[in-house]
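# Fold and contact review
Next come the chains, spelled out residue by residue.
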Amino acid sequence: MVVNLQPKIVINDASDDNYAVAYKGAWWYNACTQGESKWIVLEREQKDCLALFEKGCKEDGIYTIEPVGGLSIQTWCDMKNGGWTVIQRRLDGSENFYRTWTDYVCGFGDISGEYWLGLENIHGLTTVNSSLKIEMEAFEDVSRDLRTHAYAQYDTFRVDDEDSNFRLHVNGFSGNCGDSLRYHDGNMFSTKDRDNDESADENCAHIFEGAWWYKYCHKSNLNGLYLSGNHSSYANGEPGSMLAYRPVTEQKDCLALFEKGCKEDGIYTIEPVGGLSIQTWCDMKNGGWTVIQRRLDGSEDFYRTWTDYVCGFGIISGEYWLGLENIHELTTVDSSLRIEMEAFEDVSPTHAYAQFHTFRVDDEDSNFRLHVNGFSGNCGDSLSYHDGNMFSTKDKE
């Protein structure tokens, strides 16, 4: 028996024909295509307090932020210390923290006073590399051997989604108090009505009247009872506290480098979320845009395979495509897109641009589906036509 093996042609566009072949390109084709580009770039939005701080907001107070995948929410921002998003704050015991799973998932309290931001929002915020700061104020009648103000900071902080019961990941301690939270690393969140701790015979949240990433049971309990000063009960209370998140300001994209002082256009090394270090061209003169596609003179062949477009190709100093996997990773945070086009000399205008307030590319399981919205510019809105479409190439339509 002879079996002839041929590559399978997969169609991703909204037609019976392969428009990647018809137009000799690769794109988020719908029933046809509209427009070509010189380069495509992206930038972050007001995802958290750090993004607002970098836009010039310097006063502590209540701000509206937009965590990844979530609706707009209000939170307290610690701007005087550099743009920290406060995810828990306890000041005077006015808010009840011995609450249910649903309360802790959704959040509760008064943003101007005591509150918990919500596990769903904390998960959304920590989908990028994040750090955590904990500040604690002791009561006036504690022993003189104890500090009245203590802090702990962690270089790594992440909370998984609800399917994982908001499992905690924390590492890289520094501070002037003991490293109590590291004991809880890798544990799921528990409340009085949802026992996810590792203690087989008891619900730690119920015993210690709180809600936390309990193990057997805890070395920290910052959502326990607010007990003023010395008390006779055991391990169920904490002093005033504040938990604050901030993304790790590494070189995730060109904007992060621009904010560190890099102001010249050129080739830089960036580290997209979840990816290895890669090189890209950074448009620094216009404020730190990450160039994900650049075409200058036709020297690079863009009529290429699915694998090429997933991984990226070309010469960074000339023409290139950054790679769909990298573009997906970069747009896991709220992003905007700018497209610049240079026409030939006999066409007017010779320079055109389009900008989109919203830009996201899904993962490969979704065939890198495009999400784009919020057009502005001096040319026609050709890209919105492709919103919601999957990416296509000559061998995967």
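The following refers to the structure shown. Note that the coordinates shown come from a computational prediction; the quantities given were computed from them, not determined experimentally.

Let's shift gears to the pattern of salt bridges. This structure, assessed with the given rule, holds 12 salt bridges. Among the salt bridges present, the one from Asp-103 reaches Arg-99, with a minimum N-O distance of 3.3 Å. A salt bridge links Arg-304 to Glu-300; the shortest N-O distance between them is 2.7 Å. In the salt-bridge network here, residues are joined through shared partners; they are Asp-78, Lys-133 and Glu-135.

One pass over the structure, following the stated rule, counts 16 aromatic pairs. Consider the rings of Tyr-104 and Phe-108, whose centres lie 5.0 Å apart with planes at 85 degrees: the pair is edge-to-face. Across the pair, Phe-108 and Tyr-104 agree in class, each one buried. Between Tyr-309 and Phe-313, the aromatic rings sit 5.0 Å apart at their centres with planes inclined by 85 degrees, giving edge-to-face as the arrangement. When its relative accessible area of 7% is taken as the criterion, Phe-313 is described as buried. By the ring-pair criterion, three or more aromatic residues cluster together here, those being Phe-97, Tyr-104, Phe-108, Trp-116, Phe-189, Trp-212 and Trp-213. A cation over an aromatic ring shows up here: Lys-215 above the ring of Tyr-183, its NZ or CZ 5.1 Å from the ring centre.

Direction of pairing for strand β2 (residues 61–65) relative to strand β3 (residues 73–78): antiparallel, over a ladder of five bridges. Across the sheet, Thr-64 pairs through a bridge with Gln-74, a residue of β3. One ladder, built from three bridges, connects β3 with strand β4 (residues 84–90); its direction is antiparallel. Bridge assignment links Cys-77 to a residue of β4, and that residue is Thr-85. Counting the residues in the hairpin turn of β3 and β4 gives five residues, including Gly-82, whose phi is positive at 110 degrees.

Core analysis: the biggest nonpolar cluster contains 50 residues, and Ile-87, Trp-116, Ile-134 and Phe-189 have the highest contact counts within it. When residues in this core are grouped by element, the largest group, five residues, is from strand β8 (residues 149–159). Phe-189 has contacts with Trp-101, Tyr-104, Trp-116, Leu-119, Asn-165, Phe-166, Arg-194, Asn-196, Ala-211, Trp-212, Trp-213 and Asn-223, leaving out every residue within four places of it along the chain. In terms of nonpolar packing, the next biggest core, distinct from the first, is built from 36 residues, Trp-281, Val-291, Phe-313 and Val-372 among them.

A large share of strand β18 (residues 335–342) lies buried, amounting to six of its eight residues. Pairing of β18 with strand β19 (residues 351–361) involves six bridges; the strand directions are antiparallel. Paired with Glu-342 across the strands is His-351, a residue of β19.

About the thresholds
- Residues numbered from 1 in each chain as written.
- Predicted model: local features only at pLDDT ≥ 70, side-chain atom pairs only at ≥ 80, totals over all residues.
- Heavy atoms only, no water.
- Salt bridge = Lys/Arg side-chain N within 4 Å of Asp/Glu carboxyl O.
- Phe/Tyr/Trp six-rings, centres within 6.5 Å; stacked < 30°, edge-to-face > 60°.
- Buried < 20%, exposed > 50% of the residue type's maximum accessible area, 1.4 Å probe, protein only.
- Lys NZ or Arg CZ within 6 Å of the ring centre and 35° of its normal.
- Pairing = 2+ DSSP bridges.
- Helix = DSSP H or I, 4+ residues; strand = E, 2+ residues; numbered from the N terminus.
- Core = buried A, V, L, I, M, F, W, Y, C linked by side-chain atoms within 4.5 Å.
- Contact = heavy atoms within 4.5 Å.

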